[in-house]
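# Overview (structure and organization)
Residue-level listing of the chains:
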Amino acid sequence: MSAFRDFLAHQITERGGRWGRAVFLGITLYVLWEVLRFVLLMLAPENQPFLLRTVVQTCELLLILALLHRAFRPGKTSADTFERRYLLAVWALFGVWLIVMVPMGFAIRDPYLYGQPNLQSFHGTFSHVGQFRWFLVVVWLTGGLGAALLYSFKKRWADVDEIMLPLVCHLVFTGLVMLVRLGPDRMKTAALGWNQTLFFVIGSLVFAVLICPPFRERLMSFAERYPYIILMVTLALIAGTFLFGTALSGGRKLWYRLGPVTLQPIEISKILFVFVVATFLEKKAHLFQKSNRISSLVSLGALCLSLFVILLLQKDLGPIMVLVMVCMWMFVTVSGRLDILMGAGLGIGGIVTLAFLTRWPSMVYHRIMDFVDPLSYSSQMTYALWTQASGDLWGTAPGLSKAFKVPVIESDYIFTAILAEKGWIGASVLLLAFLALTLRGFQLARFLSVASRRDATYLMGLVMVLFVQQAVIVAGNLNLFPLSGLTLPFVSAGGSSLVVNLGVLGLVMGLVARHTRKATVEERHGVATSQPAQATSSPIPLFPSEIPTESPALKSMSFTSATADPHLKRETWIPTSPTRMP
Amino acid sequence: MKKSVDLSGYYWMIPVAAVVGVTVVLMGGAFRNSVSDPYAKSYIEDFEHQQNFKIFCEESLLTDDGAGGVRADWERFYAYVKTNYNLGRMVAEAERRLATGESPADESSPFKGQWNRLRAMGVVHIDDRGKAYIDGEAFHKRALKTTFGRHFLTAAHNVHRFRLGEDGQVRADDFYFRETNVFSVTRVLPRGSIYDRHDREIVGWSRGRRDYQNASPGVFHIVGLPNRFGLEARMDEALSPKPDRGLHDMLGLYGRDRRGDDLQLSIDGPLSETLYNAFDFPKGRKAGAAVVLEVGTGRILAAVSSNAPNPAEWRAKMDELMRDPDRPLLNRCWDELYFPGSTYKTVVAASMLEHKEMVGPFRVREKAEFLKIRNNRNKVRKHPIDLISAYAYSSNTYFAEKGVLLGQRTKETAERFGFNRPIELLANVEDAKPWTAVAPVAYRGGQRFRFRKRGDQRLVAQFSIGQNQIKSHALHMAGVMATIAQDGVWINPTMIQGRREGALAREEENTRPFESLPTGKTRRIIATDDATKLRQAAWATMNRSGGTGYAGEQIYREETEAGIVYVIARRNQLPREQLVPSAGKTGTAEHGQKKKPAHSWYIGYAPADNPKVAVAVVVEYAGYGSTYAMPIAMKAMAGALQSLETPPEQADF
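Reading the values: rules and limits
Residues numbered from 1 in each chain as written. Chains lettered and ligands numbered in written order. Predicted model: local features only at pLDDT ≥ 70, side-chain atom pairs only at ≥ 80, totals over all residues. Heavy atoms only, no water. Axes fitted to C-alpha atoms, helices over the stretch in contact; angles between N-to-C directions. Helix = DSSP H or I, 4+ residues; strand = E, 2+ residues; numbered from the N terminus. Parallel < 35°, antiparallel > 145°, perpendicular 65-115°, else oblique. Left-handed = near helix turned anticlockwise from the far one by under 90°. Contact = heavy atoms within 4.5 Å. Nonpolar A, V, L, I, M, F, W, Y, C, P; charged D, E, K, R; others polar. Pairing = 2+ DSSP bridges. Expected span 1.5 Å × (residues − 1). Buried < 20%, exposed > 50% of the residue type's maximum accessible area, 1.4 Å probe, protein only. Core = buried A, V, L, I, M, F, W, Y, C linked by side-chain atoms within 4.5 Å. UniProt positions renumbered as here; feature names shortened; annotations may be inferred. Polar contact = N/O pair within 3.5 Å; in protein donor to acceptor, adjacent residues only side chain to side chain.

### Section: the packing of helix α11 (residues 265-290) of chain A against helix α20 (residues 495-514) of chain A
Residue and element names in this part refer to chain A.
- Where α11 meets α20, the closest approach of the two axes is 8 Å, and the angle between their N-to-C directions is 20°. By the angle between their directions, the pair α11 and α20 is classed as roughly parallel. The interaxial crossing formed by α11 with α20 has right-handed handedness. Between α11 and α20, the residues in contact are Glu267, Ile268 and Ile271 and Ser496, Ser497, Val500, Val504 and Leu507, respectively.
- For the contact of α11 with α20, the per-class residue count stands at five nonpolar, two polar and one charged.

The structure is reproduced here in structure tokens:
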């Protein structure tokens, strides 16, 4: 009894002890509760897909965060190891998602169409589900093949960066997972997914062509010599659709048909046009920076207008929007003239307002009204919003959303599907992937700006095309911005889009590789090197803060430690020209 | 002026910040659309509107699954497709021929063309040995490509949203509230119930859906439909269930989830039903509206729109109801405007009383030629009459001439009485969405009136007897009568008198008392003396021989052993001392449509000496106010008096 009294006295006098213990008890109980909840959830079979989805998406999120970290702070692993590990991890996750979860979703979503009991007499001899799963395995393997091809080509010809390629593969896999289940029925969706997979492989070959040094150099020297031929090709490709184009959707002739393949020329033209603008800006940069005369802008304006007018006649507003933003971005990057940018912004705002008020082109009016009041103007947007609302934090598991209700979900609205099925977490992963891609692009452009300003501007333009396109279509999906018909790069269904975007990746790497070379053995082993830090991380100096002025590695560097470091045995690429050092 | 910005040093921060900023904004937008979910509330799936749903039910393609639910019967689906669709017929024929060994591909056979089509579609294959067989899978896919097939597939995906009606028919669920947590565990929680003033349940909740057992058509427009109109829509925030967000949520357990709040209306359920039935006339049902207000509080005791549908059946008939030319979904109590006819003379009389020089005895003519106004029934009067007699006999010429003399001043009075001003019905509830009755209109035509001009005087004369451009609705006119009964004070009408927190989701009974809500805001309209004069006039209409309402039904109060009973009977059919004197005004409003009887109006209150209830009744295309609207109004007032005398614990339920 006295012990109890002592205990009570202690509790009353020693206030901190009592409260601390209570809090500790609370935390313990809470943790136990969480464990219990988790176990119960594991046991419930109907929660399986939800649980699995949560696990897989957490892994995905961790992966992308690791990659973002890597983009800014070089880690301990070598670039090559990091890249390979990331690719393998993403491929494995993709496999789980594709082969385990997609059939699970189909089994839940379509029990009447694909379940056993009702269709015995119509099934014939084979089991449908099994067959579909094999198809998914093939998609998985082929996707892996595409990624492996990309990796090997890049390794062979331009091993300059370990961030972009895994990111792109991540995005492509995300798109594939969505596409193999988004179609209205199993056969159509299989066709969509398979198409995309094939174009991924084709795109990796295009990537190879653009990145291999002989072709790359020839192409670049041609482009440098005859930029106006490039411009004319750009315009001709677009204008040709008036004569030879076919209309696949919306009654607008935006495609070429080459046998079984359809091609959207704007995808290629965008890239070429950005090149022309970059060349032009670099030639005239000194003019913009100094003078305030309008005449220095006239030719640039004419250049841009020539393309935009053609696009306007085709009522293809999305690319115009992207190109305007990218051109303005490049202009400011080169000239630093924010005042002209503001003037241009006001002018564009005026033009859009005028188009809205006069309702010509009427599409501007409709798109803006769809944006302002989607529930009464646009059923497509309405369904998209409802579908997104079903996503919540973690998303419905794959196959369980109502994404099939949204028209053209597979191209323009793929972000809606991702938001619905992978939830806010999955959508954030996607957005972070694009962010990392863009930031990496900035770093590369910064690296190039010493060697060749033109190449740097072009690279900046290419990266911004991807980013702006992504931002515009995602904002359109979320009803933050009027929607216009654009693809989400690397993710949306669309062969020409995927192939061209992989080509863009090839160009980016190629542009960087033009100004780097393989390190010699001595350099790799730290003899007479000016850049010891290159050995363990990316060869490219990143932001100024990351370039060590007084590197501890440099001090401790000796022959023994260098040979002991396994990474140094690999071949490494280093810049050919002096990089920007503080 | 600075020509370029010097950004040396950290200029690379600009693009990085821009890109990161855009990404953050996009992530925020995604969060808004997915997690905080602003658009999902407007989403109800209507399966019964879907084409072909009827066929699914009639042909039993959707059937009882034996466990209280619904099952999609694919066998019957294929049987139906094989008899009713070309593709199915062809396949059936091919099957028959294959089974009997008849050669389908004969040159002479009439089936050859169809056989080839089947082969082209890939439904029929011929294997290596030349043997033909039907590819069930291909047929299946073809069948699902048709509209019928697609719809059936959708229905099959959503069988959990169907239920079996009492008659064994499949119905779509009428309201489906889902609460989904981060693990997508779904539960269905009950909405709050709505009770009438004697705590009888009007709509409740049973077995996962709205229960319309006790709801009569008389309360249809009050209760309304979830997410569409009426209290269900306006009070959605209160009636929606209150899920308890907590750890249990992760498991889909119920925890301390609450039902939505319960509402206690001032409406009387049985009275509403009686009034709804009162619109059945020997010649058939008439469209119209009746509104009963409690005098002194402004609470609505009944608001009946006479051709409202039965709440229990709206779901099945939604399409029909929307297309019906009689517009049953229109709430005639306050969403439709009528010419008030003679009942508007109340307002003109009030205006006259405010200007004393108008009130003296006045000799009226049979026809006011220059005003083009005629009296209806009452004869030429040799001697001058006063305001009270003119009101009681409903003399058109009297009020027309007075109206012309009053000119602009009537407009002021009318606007004080609530014309040109919308009525807010749920102003006494905090979290209600606004529910606004249509504003009655007076003197608001496209043209501006010069009250002095001769041509316009004819117009003003018509206005003064409630025609031409004066329009009002039953709720407002009941309010006008209640204002007079309340000594000239307008009380804003309200319909919700109590409210309580809902029970826990698992509790059967809610024993909490209702917290009472305040009554509507008041405003002084006319002076007390003027109101007393108007009450005399209204009394004279009903109780002075020759008044327009004298001969019709009256209210009588009988004391039986069961208690006090209010009944209606024609004058002098029951003992005189049982009479409860009422007061009011009849109205016969012409609407300008050829060969259709006029709208019939009655507004009034009872008892005349100590007003407790006020009423307004309008019957469309009926005839004299005293023959059509008045009996309904008397029933309404008798029922309302009965209802007011009945304490809650004695109500029969």
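### Re the sheet that holds strand β27 (residues 579-580) of chain B
Residues and elements named next belong to chain B.
- Read from one edge to the other, the open sheet built from three strands follows the order β26-β25-β27, with strand pairing classed as antiparallel. Edge positions in the sheet fall to β26 (563-570) and β27, since each of these pairs with one other strand and no more.
- Two strands pair when backbone bridges link them, and strand β25 (residues 553-560) and β26 are joined in this way by eight bridges, in the antiparallel orientation. Bridging from a neighbouring strand, threonine 560 pairs with glycine 563 of β26.
- Across the sheet, helix α20 (residues 629-645) is in contact with β25 and β26; its angle to β26 comes to roughly 175°.

### Some thoughts on helix α13 (residues 317-335) of chain A
- Between its terminal C-alpha atoms α13(A) stretches 27 Å, which fits the 27 Å expected from 19 residues at 1.5 Å a residue.
- Phi turns positive, to about 70°, at A:Gly336, one or two residues after α13(A).

### Things to note about unusual backbone geometry
- Here the bond from A:Trp360 into A:Pro361 is cis, since omega is -5°, no more than 30 degrees from zero.
- By the secondary structure assignment, A:Pro361 is in the loop between α14 (338-358) and α15 (362-372).
- Cis geometry is adopted by the peptide bond preceding B:Pro607, which originates at B:Ala606 and carries an omega value of -15°.
- Looking at the secondary structure, you find B:Pro607 in the loop between β29 (599-606) and β30 (613-619).
- With a phi angle near 70°, A:Phe490 is a residue other than glycine that sits in the positive phi range.
- Position of A:Phe490 relative to the elements: it lies in the loop between α19 (453-477) and α20.
- A relative accessible area of 2% places A:Phe490 in the buried class.
- Of note, B:Asp199 is a non-glycine position whose phi angle comes to about 60°, a positive value.

### Things to note about the nonpolar core
- Ranked by size, the top nonpolar core spans 164 residues in total, and within it A:Leu98, A:Phe415, A:Tyr458, A:Leu459, A:Leu488 and A:Phe490 carry the most contacts.
- Looking at this core element by element, the count peaks at 23 residues for helix α18 (residues 414-451) of chain A.
- Setting aside residues no more than four positions away along its own chain, A:Leu488 makes contact with A:Ser411, A:Ile414, A:Phe415, A:Leu430, A:Phe434, A:Gln470, A:Ile473 and A:Val474.
- Counting 102 residues, the second largest nonpolar core, distinct from the first, contains B:Leu321, B:Trp334, B:Phe417 and B:Leu475.

### Description of the UniProt feature "transmembrane region" (unreviewed entry) in chain B
- UniProt records the feature "transmembrane region" (unreviewed entry) at residues 12-31 of chain B, using the numbering of this structure.
- Counted over residues 12-31 of chain B, helix gives 95% and strand 0%. Its end C-alpha atoms are 29 Å apart.

### A short note on the side chain of B:Gln554
Residues and elements named next belong to chain B.
- The topology assignment puts glutamine 554 in strand β25.
- For glutamine 554, a relative accessible area of 0% puts it in the buried group.
- Polar contacts involving the side chain of glutamine 554 include one to the main-chain carbonyl oxygen of glycine 549, which spans 3.4 Å.
- For glutamine 554, the residues in contact, after removing those within four places along its chain, are Met542, Gly549, Val567, Ile568, Ala569, Arg571, Leu579, Ser582 and Met634.

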